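# Survey of secondary and tertiary structure
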Amino acid sequence: MIEQNLTEESEQKSARVIVVTSGKGGVGKTTTSAAFAAGLAVRGYKTVVIDFDVGLRNLDLIMGCERRVVYDLLNVIHGEGSLNQALIKDKRVSNLFILPASQTRDKDALSMDGVGEVIATLQQSFDFIVCDSPAGIEKGAMTAMYFADEALVVTNPEISSVRDSDRIIGMLASKTRRAEQDLEPVKEHLVITRYDPLRVDKGDMLSADDIHEILAIPFLGVVPESKWVLAASNSGIPVTLTEEESDAGEAYFDMVDRFLGQERPFRFLDAPRRSIFSRLFRT
(Lines give C-alpha, C1' and ligand atoms only; values in the text may rest on other atoms or scores of the structure.)
Protein backbone atom coordinates (compact mmCIF):
# COMPACT_ATOMS: atom_id res chain seq x y z
CA MET A 1 0.00 0.00 0.00
CA ILE A 2 1.21 3.52 -0.75
CA GLU A 3 1.57 5.86 2.20
CA GLN A 4 -0.23 9.16 1.82
CA ASN A 5 1.56 12.47 2.30
CA LEU A 6 0.96 14.54 5.41
CA THR A 7 -0.33 18.08 5.17
CA GLU A 8 1.62 20.73 7.04
CA GLU A 9 -1.33 21.39 9.37
CA SER A 10 -1.49 17.77 10.53
CA GLU A 11 2.15 17.38 11.50
CA GLN A 12 2.71 16.95 15.22
CA LYS A 13 5.73 17.97 17.28
CA SER A 14 5.36 15.26 19.93
CA ALA A 15 3.78 11.85 19.64
CA ARG A 16 0.29 11.36 20.98
CA VAL A 17 -0.01 8.25 23.16
CA ILE A 18 -3.09 6.12 22.43
CA VAL A 19 -4.04 3.20 24.66
CA VAL A 20 -6.29 0.47 23.25
CA THR A 21 -8.09 -0.92 26.27
CA SER A 22 -11.11 -2.74 27.67
CA GLY A 23 -12.03 -4.53 30.84
CA LYS A 24 -12.82 -7.85 29.17
CA GLY A 25 -10.53 -10.20 27.29
CA GLY A 26 -11.25 -11.44 23.78
CA VAL A 27 -12.96 -8.29 22.50
CA GLY A 28 -10.36 -7.53 19.82
CA LYS A 29 -7.93 -5.12 21.47
CA THR A 30 -4.82 -6.51 19.77
CA THR A 31 -6.59 -6.72 16.40
CA THR A 32 -7.68 -3.11 16.88
CA SER A 33 -4.20 -1.99 17.97
CA ALA A 34 -2.61 -3.55 14.89
CA ALA A 35 -5.27 -2.33 12.45
CA PHE A 36 -5.44 1.18 13.89
CA ALA A 37 -1.66 1.63 14.06
CA ALA A 38 -1.28 0.36 10.50
CA GLY A 39 -4.07 2.68 9.37
CA LEU A 40 -2.32 5.69 10.91
CA ALA A 41 0.92 4.67 9.19
CA VAL A 42 -0.82 4.30 5.82
CA ARG A 43 -2.22 7.79 6.31
CA GLY A 44 1.36 9.02 6.53
CA TYR A 45 2.03 9.19 10.27
CA LYS A 46 5.11 7.60 11.79
CA THR A 47 3.60 5.15 14.25
CA VAL A 48 4.85 2.63 16.80
CA VAL A 49 2.65 0.04 18.48
CA ILE A 50 3.77 -1.39 21.85
CA ASP A 51 2.66 -4.75 23.25
CA PHE A 52 2.03 -4.53 27.01
CA ASP A 53 0.74 -8.10 27.37
CA VAL A 54 3.85 -9.40 29.12
CA GLY A 55 3.94 -13.19 29.30
CA LEU A 56 1.58 -13.79 26.39
CA ARG A 57 2.76 -11.52 23.53
CA ASN A 58 0.36 -11.83 20.62
CA LEU A 59 0.82 -8.51 18.83
CA ASP A 60 3.91 -9.72 16.94
CA LEU A 61 1.90 -12.67 15.59
CA ILE A 62 -0.87 -10.45 14.25
CA MET A 63 1.73 -8.10 12.78
CA GLY A 64 3.56 -11.03 11.18
CA CYS A 65 6.96 -10.31 12.74
CA GLU A 66 7.24 -12.98 15.43
CA ARG A 67 10.45 -14.44 13.94
CA ARG A 68 12.14 -11.05 14.05
CA VAL A 69 11.80 -10.58 17.81
CA VAL A 70 15.25 -10.51 19.45
CA TYR A 71 14.86 -7.81 22.10
CA ASP A 72 11.62 -6.67 23.74
CA LEU A 73 10.13 -3.92 25.91
CA LEU A 74 11.46 -5.40 29.16
CA ASN A 75 14.96 -5.82 27.71
CA VAL A 76 14.94 -2.08 27.00
CA ILE A 77 13.56 -1.15 30.44
CA HIS A 78 16.18 -3.28 32.23
CA GLY A 79 19.10 -2.12 30.09
CA GLU A 80 19.60 -5.45 28.34
CA GLY A 81 19.19 -3.98 24.89
CA SER A 82 18.64 -0.59 23.30
CA LEU A 83 15.34 0.77 22.05
CA ASN A 84 16.74 0.78 18.54
CA GLN A 85 17.58 -2.92 18.85
CA ALA A 86 14.08 -3.79 20.07
CA LEU A 87 12.03 -1.82 17.53
CA ILE A 88 10.91 -3.92 14.56
CA LYS A 89 10.16 -2.15 11.29
CA ASP A 90 7.06 -3.41 9.50
CA LYS A 91 7.69 -5.27 6.26
CA ARG A 92 4.89 -3.51 4.37
CA VAL A 93 4.72 0.09 5.62
CA SER A 94 7.99 1.95 6.13
CA ASN A 95 6.80 4.25 8.94
CA LEU A 96 5.21 1.54 11.09
CA PHE A 97 7.18 -0.05 13.95
CA ILE A 98 6.46 -2.68 16.62
CA LEU A 99 7.88 -2.91 20.13
CA PRO A 100 7.11 -6.47 21.33
CA ALA A 101 6.44 -7.69 24.85
CA SER A 102 8.45 -10.33 26.70
CA GLN A 103 7.07 -13.85 26.55
CA THR A 104 9.21 -15.22 29.38
CA ARG A 105 8.85 -12.70 32.18
CA ASP A 106 6.15 -11.69 34.62
CA LYS A 107 4.14 -8.48 34.40
CA ASP A 108 5.68 -7.37 37.70
CA ALA A 109 8.92 -6.76 35.79
CA LEU A 110 7.25 -3.71 34.23
CA SER A 111 8.21 -0.47 35.94
CA MET A 112 6.31 2.78 35.52
CA ASP A 113 9.53 4.80 35.40
CA GLY A 114 11.03 2.49 32.79
CA VAL A 115 7.93 2.63 30.58
CA GLY A 116 7.85 6.41 30.98
CA GLU A 117 11.42 6.69 29.75
CA VAL A 118 10.69 4.49 26.74
CA ILE A 119 7.61 6.51 25.80
CA ALA A 120 9.40 9.84 26.30
CA THR A 121 12.16 8.67 23.94
CA LEU A 122 9.67 7.46 21.32
CA GLN A 123 7.79 10.74 21.47
CA GLN A 124 10.81 12.51 20.06
CA SER A 125 10.68 10.68 16.72
CA PHE A 126 7.12 9.37 16.25
CA ASP A 127 3.73 10.93 15.57
CA PHE A 128 1.65 8.30 17.36
CA ILE A 129 2.41 5.67 20.01
CA VAL A 130 -0.28 2.96 20.23
CA CYS A 131 -0.26 0.92 23.47
CA ASP A 132 -1.88 -2.50 23.18
CA SER A 133 -3.20 -3.18 26.68
CA PRO A 134 -3.87 -6.59 28.22
CA ALA A 135 -7.36 -7.19 29.57
CA GLY A 136 -8.48 -6.30 33.07
CA ILE A 137 -7.00 -3.92 35.60
CA GLU A 138 -3.77 -5.67 36.56
CA LYS A 139 -0.33 -4.06 36.34
CA GLY A 140 0.17 -4.44 32.60
CA ALA A 141 -3.16 -2.79 31.83
CA MET A 142 -2.65 0.02 34.32
CA THR A 143 0.85 0.69 32.98
CA ALA A 144 -0.40 0.73 29.38
CA MET A 145 -3.02 3.36 30.16
CA TYR A 146 -1.02 5.52 32.59
CA PHE A 147 0.74 7.70 29.99
CA ALA A 148 -2.20 7.87 27.56
CA ASP A 149 -3.35 11.07 25.90
CA GLU A 150 -6.22 9.28 24.16
CA ALA A 151 -7.94 5.93 24.60
CA LEU A 152 -9.77 3.56 22.29
CA VAL A 153 -12.22 1.78 24.60
CA VAL A 154 -13.02 -1.48 22.81
CA THR A 155 -16.18 -3.39 23.65
CA ASN A 156 -18.38 -6.13 22.23
CA PRO A 157 -22.14 -5.56 22.06
CA GLU A 158 -22.88 -7.66 25.15
CA ILE A 159 -23.70 -6.39 28.61
CA SER A 160 -20.75 -7.96 30.47
CA SER A 161 -18.26 -6.42 28.05
CA VAL A 162 -19.94 -3.02 28.25
CA ARG A 163 -19.99 -3.14 32.06
CA ASP A 164 -16.27 -3.96 32.18
CA SER A 165 -15.55 -1.13 29.73
CA ASP A 166 -17.43 1.25 32.00
CA ARG A 167 -15.04 0.33 34.81
CA ILE A 168 -12.07 1.02 32.54
CA ILE A 169 -13.49 4.47 31.74
CA GLY A 170 -13.47 5.14 35.48
CA MET A 171 -9.81 4.11 35.62
CA LEU A 172 -8.93 6.40 32.72
CA ALA A 173 -10.49 9.28 34.64
CA SER A 174 -8.64 8.59 37.90
CA LYS A 175 -5.56 6.38 37.49
CA THR A 176 -3.61 8.04 34.67
CA ARG A 177 -0.80 10.58 34.59
CA ARG A 178 -3.23 13.20 33.30
CA ALA A 179 -5.58 12.62 36.23
CA GLU A 180 -2.77 12.68 38.80
CA GLN A 181 -1.32 15.91 37.42
CA ASP A 182 -4.70 17.61 36.96
CA LEU A 183 -4.17 17.92 33.21
CA GLU A 184 -6.77 17.77 30.46
CA PRO A 185 -8.48 14.34 30.77
CA VAL A 186 -7.63 11.41 28.53
CA LYS A 187 -9.71 11.77 25.37
CA GLU A 188 -11.85 8.65 25.05
CA HIS A 189 -13.23 7.01 21.89
CA LEU A 190 -15.75 4.15 21.78
CA VAL A 191 -14.98 1.25 19.41
CA ILE A 192 -17.53 -1.56 19.10
CA THR A 193 -16.26 -4.81 17.59
CA ARG A 194 -17.99 -7.97 16.31
CA TYR A 195 -21.12 -5.97 15.50
CA ASP A 196 -23.97 -7.76 13.73
CA PRO A 197 -26.96 -5.54 12.85
CA LEU A 198 -29.13 -8.57 12.04
CA ARG A 199 -28.74 -9.82 15.61
CA VAL A 200 -29.35 -6.31 16.90
CA ASP A 201 -32.65 -6.21 14.98
CA LYS A 202 -33.62 -9.54 16.54
CA GLY A 203 -32.87 -8.24 20.03
CA ASP A 204 -30.00 -10.70 20.54
CA MET A 205 -27.33 -8.01 20.75
CA LEU A 206 -27.02 -4.51 22.17
CA SER A 207 -27.26 -1.74 19.60
CA ALA A 208 -24.55 0.88 19.10
CA ASP A 209 -27.00 3.48 20.42
CA ASP A 210 -27.56 1.41 23.58
CA ILE A 211 -23.82 1.07 24.20
CA HIS A 212 -23.17 4.73 23.47
CA GLU A 213 -25.89 5.74 25.91
CA ILE A 214 -24.51 3.48 28.66
CA LEU A 215 -20.84 4.48 28.31
CA ALA A 216 -21.44 8.11 27.31
CA ILE A 217 -18.11 8.64 25.51
CA PRO A 218 -17.62 9.80 21.90
CA PHE A 219 -18.49 7.09 19.38
CA LEU A 220 -15.74 6.28 16.87
CA GLY A 221 -17.45 3.44 14.99
CA VAL A 222 -18.23 -0.27 14.74
CA VAL A 223 -16.26 -3.15 13.27
CA PRO A 224 -18.67 -5.68 11.76
CA GLU A 225 -18.51 -9.38 12.54
CA SER A 226 -16.25 -10.41 9.67
CA LYS A 227 -14.43 -13.43 8.29
CA TRP A 228 -11.63 -11.07 7.28
CA VAL A 229 -10.53 -10.43 10.86
CA LEU A 230 -9.65 -14.05 11.57
CA ALA A 231 -8.16 -14.57 8.11
CA ALA A 232 -5.92 -11.52 8.49
CA SER A 233 -4.81 -12.50 12.01
CA ASN A 234 -3.94 -16.03 10.91
CA SER A 235 -1.93 -14.58 8.02
CA GLY A 236 0.00 -12.18 10.26
CA ILE A 237 -1.36 -9.11 8.48
CA PRO A 238 -3.30 -6.25 10.10
CA VAL A 239 -6.74 -6.18 8.50
CA THR A 240 -6.07 -2.64 7.22
CA LEU A 241 -3.11 -3.94 5.18
CA THR A 242 -4.69 -6.90 3.40
CA GLU A 243 -4.42 -6.82 -0.38
CA GLU A 244 -8.16 -7.35 -0.82
CA GLU A 245 -10.57 -4.76 0.52
CA SER A 246 -12.62 -5.99 3.47
CA ASP A 247 -15.53 -4.67 5.46
CA ALA A 248 -13.49 -4.78 8.68
CA GLY A 249 -10.55 -3.01 7.06
CA GLU A 250 -12.84 -0.29 5.72
CA ALA A 251 -14.42 0.09 9.16
CA TYR A 252 -11.02 0.60 10.78
CA PHE A 253 -9.96 3.13 8.13
CA ASP A 254 -13.21 5.03 8.74
CA MET A 255 -12.30 5.18 12.43
CA VAL A 256 -8.73 6.27 11.73
CA ASP A 257 -10.02 9.08 9.54
CA ARG A 258 -12.57 10.20 12.15
CA PHE A 259 -9.83 10.10 14.78
CA LEU A 260 -7.75 12.39 12.55
CA GLY A 261 -10.64 14.85 12.36
CA GLN A 262 -12.19 13.93 9.01
CA GLU A 263 -15.90 13.50 8.38
CA ARG A 264 -16.91 9.95 7.52
CA PRO A 265 -20.43 8.46 7.42
CA PHE A 266 -21.09 5.75 10.00
CA ARG A 267 -21.33 2.43 8.18
CA PHE A 268 -22.11 -1.18 9.11
CA LEU A 269 -24.78 -0.14 11.63
CA ASP A 270 -27.82 -1.30 9.65
CA ALA A 271 -28.76 -4.72 8.33
CA PRO A 272 -28.76 -4.97 4.52
CA ARG A 273 -32.21 -4.51 3.04
CA ARG A 274 -33.65 -7.67 1.55
CA SER A 275 -35.08 -7.61 -1.94
CA ILE A 276 -38.76 -8.23 -2.62
CA PHE A 277 -37.82 -11.59 -4.16
CA SER A 278 -35.89 -12.71 -1.07
CA ARG A 279 -38.70 -11.61 1.24
CA LEU A 280 -41.33 -13.47 -0.78
CA PHE A 281 -39.34 -16.68 -0.90
CA ARG A 282 -37.54 -16.20 2.45
CA THR A 283 -34.09 -16.68 0.94
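Residues numbered from 1 in each chain as written. Predicted model: local features only at pLDDT ≥ 70, side-chain atom pairs only at ≥ 80, totals over all residues. Heavy atoms only, no water.

### Observations concerning the overall build of the protein
Along the backbone of the protein there are 13 helices and eight strands. Expressed along its principal axes, the backbone C-alpha trace of the protein runs to roughly 70 × 40 × 40 Å. Sorting the 283 residues of the protein into buried and exposed places 54% on the buried side. Considering only intrachain contacts with a sequence separation of at least 6, the fraction spanning at least 24 residues in the protein is 75%. Working note: accessible area of the protein is about 13800 Å², and carbon and sulfur atoms make up 47% of it. Treating the 32 positive side-chain charges of the protein as one cloud and the 43 negative ones as another, the clouds have centres 4 Å apart. (Helix = DSSP H or I, 4+ residues; strand = E, 2+ residues; numbered from the N terminus. Buried < 20%, exposed > 50% of the residue type's maximum accessible area, 1.4 Å probe, protein only. Contact = heavy atoms within 4.5 Å. Areas by Shrake-Rupley, 256 points an atom, 1.4 Å probe, with all protein chains shown as cover. Lys, Arg positive; Asp, Glu negative; His and termini not counted. Charge placed at Lys NZ, Arg CZ, Asp CG, Glu CD.)

### Quick notes on the state of the cysteines
Under the counting rule described, the total for this entry stands at zero disulfides. Cysteine cysteine 65 remains unbridged, with the sulfur of cysteine 131 as its closest cysteine sulfur at 16 Å. (Disulfide = S-S within 2.5 Å.)

### So, the side chain of threonine 242
Turning to its location among the elements, threonine 242 is positioned in the loop between α11 (227–235) and α12 (247–259). Under the relative-accessibility criterion, threonine 242 is labelled buried at 17%. Among the polar contacts listed, one links the side chain of threonine 242 to the backbone oxygen of valine 239, at a separation of 3.3 Å. Within the local environment of threonine 242, its side chain forms a polar contact with the backbone oxygen of glutamate 244, the two atoms lying 2.9 Å apart. For threonine 242, the residues in contact, after removing those within four places along its chain, are Ala232 and Ile237. (Polar contact = N/O pair within 3.5 Å; in protein donor to acceptor, adjacent residues only side chain to side chain.)

### Observations regarding the pairing of strand β7 (residues 187–195)
The element β7 is largely enclosed, with a buried count of seven among its nine residues. Looking at chain direction, strand β6 (residues 150–155) and β7 are connected through six bridges and run parallel. Paired with alanine 151 across the bridge in β7 is glutamate 188. Relative to strand β8 (residues 219–224), β7 runs parallel, the two sharing four bridges. Residue isoleucine 192 lies in a different strand from β8, and its bridge partner there is valine 222. (Pairing = 2+ DSSP bridges.)

### Overview of the pattern of salt bridges
One pass over the structure, following the stated rule, counts 11 salt bridges. Here arginine 178 ties to aspartate 149 by a salt bridge, and the two come within 2.9 Å at their closest N and O atoms. You can see arginine 178 sitting in helix α8 (residues 177–180) and its partner aspartate 149 sitting in the loop between α6 (139–146) and β6, a full 29 residues away along the chain. Overall, aspartate 149 belongs to the buried group, its relative accessible area being 6%. (Salt bridge = Lys/Arg side-chain N within 4 Å of Asp/Glu carboxyl O.)

### Remarks on the packing of aromatic side chains
For the structure shown, the criterion picks out six aromatic pairs. On the numbers, 5.8 Å between centres and 65° between planes, the contact of phenylalanine 128 with phenylalanine 259 is edge-to-face. Linking phenylalanine 128 in strand β5 (residues 128–132) with phenylalanine 259 in helix α12, this pair joins segments that are 131 residues apart in sequence. When its relative accessible area of 12% is taken as the criterion, phenylalanine 259 is described as buried. On the basis of an interplanar angle of 85° and a centroid distance of 4.8 Å, the ring pair of tyrosine 146 and phenylalanine 147 is categorised as edge-to-face. (Phe/Tyr/Trp six-rings, centres within 6.5 Å; stacked < 30°, edge-to-face > 60°.)

### As for the sheet that holds strand β3 (residues 88–89)
Ordered in space as β3-β4-β2-β5-β1-β6-β7-β8, the eight strands form an open sheet in which the pairing is mixed. A single partner strand is all that each edge strand has here, and the edge strands are β3 and β8. Note: strand β2 (residues 47–51) against strand β4 (residues 96–99), four bridges, orientation parallel. Pairing of valine 49 across the sheet is with isoleucine 98, part of β4. Relative to the sheet, α12 contacts β1 (16–21), β5, β6, β7 and β8, its axis offset from that of β8 by approximately 170°. (Axes fitted to C-alpha atoms, helices over the stretch in contact; angles between N-to-C directions.)

### Points about the pairing of β5
The element β5 is largely enclosed, with a buried count of five among its five residues. The alternating pattern of β5 places Phe128, Val130 and Asp132 and Ile129 and Cys131 on opposite faces, both of which are buried. Judged from the five bridges that link them, β1 and β5 form a sheet pairing that is parallel. Residue pairing for β5: valine 20 is matched across the bridge by aspartate 132. Inspection of the sheet shows β2 paired to β5 by five bridges, in the parallel sense. Note that in β5 the partner of threonine 47 across the bridge is phenylalanine 128.

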